[in-house]
Amino acid sequence: MTIKNKKIFITGGAGFIANCVISRLINDNKIIVYDNFHRDTLTDSIYEKHKNITIIQGDVLDYEKLMNGMKGADIVIHAAAIAGIDTVIKSPTTTMRVNMIGTANTLEAARENNIKDRFVDFSTSEVLGKIAFKSTERDESISGSAGEARWCYAVSKLAGEHLSMAYYNEFGLPVVSVRPFNIYGPGQTGEGAIQIFIKKALQNEDISIYGDGNQIRAWCYVNDFVTGLLHCIENPQAIGESFNIGNPRAVITIYGLAQTVCRILNSKSKIVFKPPLSADIELRIPSVEKAYEILGFKAKIDLDEGIKKTAQWYKKKYKL
């Protein structure tokens with residue numbers, strides 16, 4: 001690890017992925033967490049009161065507070081966003097405002113604060129549309145049909161990715177965009193399928209699948225994703241680039257995932273099928289060749305191991 005003696009500003013810093021980032025960086029760096037704590041993995045964690053952490057409760061829509069909080073930072077990790085299919089469908093306007101205006105605010109604050117080392121923008125694999133098989137960063141991005149709330153998240157993230165690259169091209173801001181592919185692991189909150197399935201399985205409760213369960217995903221354990229993210233910060237060749245960060249070996253249908261969780265945890269949960277909530281992603285498997293060629297990154301944790309590690313955390317956390 002070469003990231004040392006840096007001041008790192010993380011929007012969405014109380015979140016699941018950010019908590020894992022903090023765990024890898026906090027002993028050798030100063031961390032500023034900027035978050036509205038709508039989703040909170042940080043509170044009650046071992047890092048909440050660490051001597052190297054500063055917490056600012058704020059919203060990315062509040063430009064002045066964002067800009068002032070970022071002063072003196074060397075690295076910005078912009079992880080704040082509205083995410084999760086249920087939340088997106090219920091609040092498409094908020095989703096687009098936070099993800100687009102919030103990203104615009106964070107980029108401008110970084111420019112004003114003359115961020116020198118790195119600005120990492122969190123995009124999404126959903127910019128590749130309903131069907132993405134071994135999709136590369138150069139493949140055409142798709143925004144989905146207007147009026148379908150399901151695509152508000154992808155549209156807003158795609159806009160943020162374009163704007164980030166515009167700041168790189170026009171102002172020289174050292175931007176890199178990452179596209180996470182179905183990240184899971186200890187500490188996940190919200191609507192992620194694996195953590196929901198695990199919680200249900202540990203309590204032998206019914207596991208609900210929306211649709212026919214044939215949707216195919218590639219699942220990436222959070223520690224692997226964070227390793228890829230850190231490579232994006234450390235490697236100077238990452239600047240001005242976008243990277244798919246995922247695990248193309250951990251591929252399974254949603255129905256198969258529920259079965260696998262039940263098998264690994266020896267659960268008696270029943271799998272129940274329900275009508276789909278909205279338009280869905282049918283196939284999402286990344287090509288990660290660019291991340292390997294430029295960053296030397298390759299995911300290591302297979303799905304069974306990742307499920308076991310995640311389940312252990314939830315058992316301990318919730319005494320399940």
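Let me begin by describing the structure that accompanies this report. As the structure is a computational prediction, the values presented were derived from the model and not from experiment.

Cut-offs used in this document
Residues numbered from 1 in each chain as written. Predicted model: local features only at pLDDT ≥ 70, side-chain atom pairs only at ≥ 80, totals over all residues. Heavy atoms only, no water. Pairing = 2+ DSSP bridges. Helix = DSSP H or I, 4+ residues; strand = E, 2+ residues; numbered from the N terminus. Axes fitted to C-alpha atoms, helices over the stretch in contact; angles between N-to-C directions. Contact = heavy atoms within 4.5 Å. Polar contact = N/O pair within 3.5 Å; in protein donor to acceptor, adjacent residues only side chain to side chain. Left-handed = near helix turned anticlockwise from the far one by under 90°. Nonpolar A, V, L, I, M, F, W, Y, C, P; charged D, E, K, R; others polar. Parallel < 35°, antiparallel > 145°, perpendicular 65-115°, else oblique. Core = buried A, V, L, I, M, F, W, Y, C linked by side-chain atoms within 4.5 Å. Buried < 20%, exposed > 50% of the residue type's maximum accessible area, 1.4 Å probe, protein only. Arc of directions from axis to C-beta. Salt bridge = Lys/Arg side-chain N within 4 Å of Asp/Glu carboxyl O. Patch = residues over 30% accessible without salt bridge, like charges linked within 9 Å, V, L, I, M, F, W, Y side chains within 5 Å. Areas by Shrake-Rupley, 256 points an atom, 1.4 Å probe, with all protein chains shown as cover. Expected span 1.5 Å × (residues − 1).

## Thoughts on the sheet that holds strand 4 (residues 75-78)
Logical step 1: The seven strands lie next to each other as 3-2-1-4-5-7-12, forming an open sheet whose pairing is parallel. Bordering the open sheet on either side are strand 3 (53-57) and strand 12 (242-245), each of which pairs with just one other strand. Neighbouring strand axes in the sheet, compared pairwise and without regard to direction, differ in orientation by 20 degrees on average.
Logical step 2: Where helix 5 (residues 152-171) meets the sheet, its contacts fall on strand 5 (118-122), strand 7 (175-180) and strand 12, and the angle it forms with strand 7 comes to roughly 160 degrees.
Logical step 3: Against the sheet, helix 7 (residues 222-234) contacts strand 4, strand 5, strand 7 and strand 12, and its axis sits at roughly 145 degrees relative to strand 5.

## Observations concerning the side chain of Ser177
Logical step 1: Along the chain, the position of Ser177 falls in strand 7.
Logical step 2: Within the local environment of Ser177, its side chain forms a polar contact with the side chain of Asp121, the two groups lying 3.2 Å apart.
Logical step 3: Those residues within four positions of Ser177 in sequence are excluded, and the remaining contacts are Asp121, Glu161, Ser164, Met165, Glu241, Ser242 and Phe243.

## Description of the packing of helix 1 (residues 16-25) against helix 7
Helix-helix packing: each pair is described by the crossing angle between the helix axes and the interaxial distance.
Logical step 1: Running from N to C, helix 1 and helix 7 cross one another at 65 degrees; their axes reach a closest spacing of 10 Å. Considering how the two elements wind past one another, helix 1 and helix 7 form a crossing that is right-handed. Mapping the contact onto sequence places Phe16, Ile17, Cys20, Val21, Arg24 and Leu25 in helix 1 and Val222, Asn223, Phe225, Val226, Thr227, Leu229 and Leu230 in helix 7.
Logical step 2: Looking at the contact of helix 1 with helix 7 residue by residue, the classes come out as ten nonpolar, two polar and one charged.

## So, the packing of helix 6 (residues 193-202) against helix 10 (residues 303-318)
Logical step 1: Where helix 6 meets helix 10, the closest approach of the two axes is 10 Å, and the angle between their N-to-C directions is 60 degrees. Relative to helix 10, the element helix 6 lies oblique. Where helix 6 crosses over helix 10, the two elements pack in a sense that is right-handed. Across the interface between the two elements, Ile194, Gln195, Ile198, Lys199 and Leu202 of helix 6 pack against Leu303, Ile307, Thr310, Ala311, Tyr314, Lys315 and Tyr318 of helix 10.
Logical step 2: Broken down by class, the residue content of the contact of helix 6 with helix 10 amounts to eight nonpolar, two polar and two charged.

## Quick notes on the nonpolar core
Logical step 1: Core analysis: the largest hydrophobic core is formed by 40 residues, its most contacted members being Ile17, Ile22, Ile31 and Phe225.
Logical step 2: Once you skip the residues sitting within four places of it in the chain, Ile22 turns out to touch Ile10, Gly13, Ile31, Val33, Leu42, Tyr47 and Ile53.
Logical step 3: The next biggest cluster of nonpolar side chains, apart from the first, holds 24 residues, and it includes Ala201, Ile207, Ile301 and Ile307.

## Things to note about helix 6
Logical step 1: Listed as buried for helix 6 are Ile194, Gln195, Phe197, Ile198, Ala201 and Leu202. Take helix 6 and look down its axis: the buried residues cluster within an arc of 160 degrees, on one side only.
Logical step 2: Within two residues after helix 6, Asn204 carries a phi angle of roughly 55 degrees, on the positive side.

## Quick look at the pattern of salt bridges
Logical step 1: Scanning all chains against the criterion turns up nine salt bridges.
Logical step 2: A salt bridge links Arg111 to Glu112, with the nearest nitrogen and oxygen atoms 3.8 Å apart.
Logical step 3: Between Glu241 and Lys290 there is a salt bridge, with its nearest N and O atoms 2.7 Å apart. Here Glu241, found in the loop between helix 7 and strand 12, pairs with Lys290, found in helix 9 (residues 289-295); they are 49 residues apart in sequence, far enough to count as distant.

## A closer look at a nonpolar patch on the surface
Logical step 1: Where nonpolar side chains cluster on the molecular surface, the patch consists of Leu61, Met100 and Ile101 and spans about 200 Å² of accessible area.
Logical step 2: When you line up the elements, Ile101 lands in helix 4 (residues 92-112).
Logical step 3: Look at Ile101 and you get partly exposed, because its relative accessible area is 37%.

## Comments concerning helix 5
Logical step 1: Here helix 5 spans 28 Å end to end across 20 residues, near enough to the 28 Å set by a 1.5 Å rise per residue.
Logical step 2: Inspection of helix 5 places Cys152, Tyr153, Ala154, Ser156, Lys157, Leu158, Gly160, Glu161, Ser164, Met165 and Tyr167 among the buried residues, and these make up the whole buried set.
Logical step 3: Residues of helix 5 that are buried in the fold lie against helix 3 (85-90), helix 4, strand 5, strand 7 and strand 12.
Logical step 4: Positive phi appears at Gly172, one or two residues downstream of helix 5, with a value of about 75 degrees.

None of this, on its own, says anything about what the molecule does.
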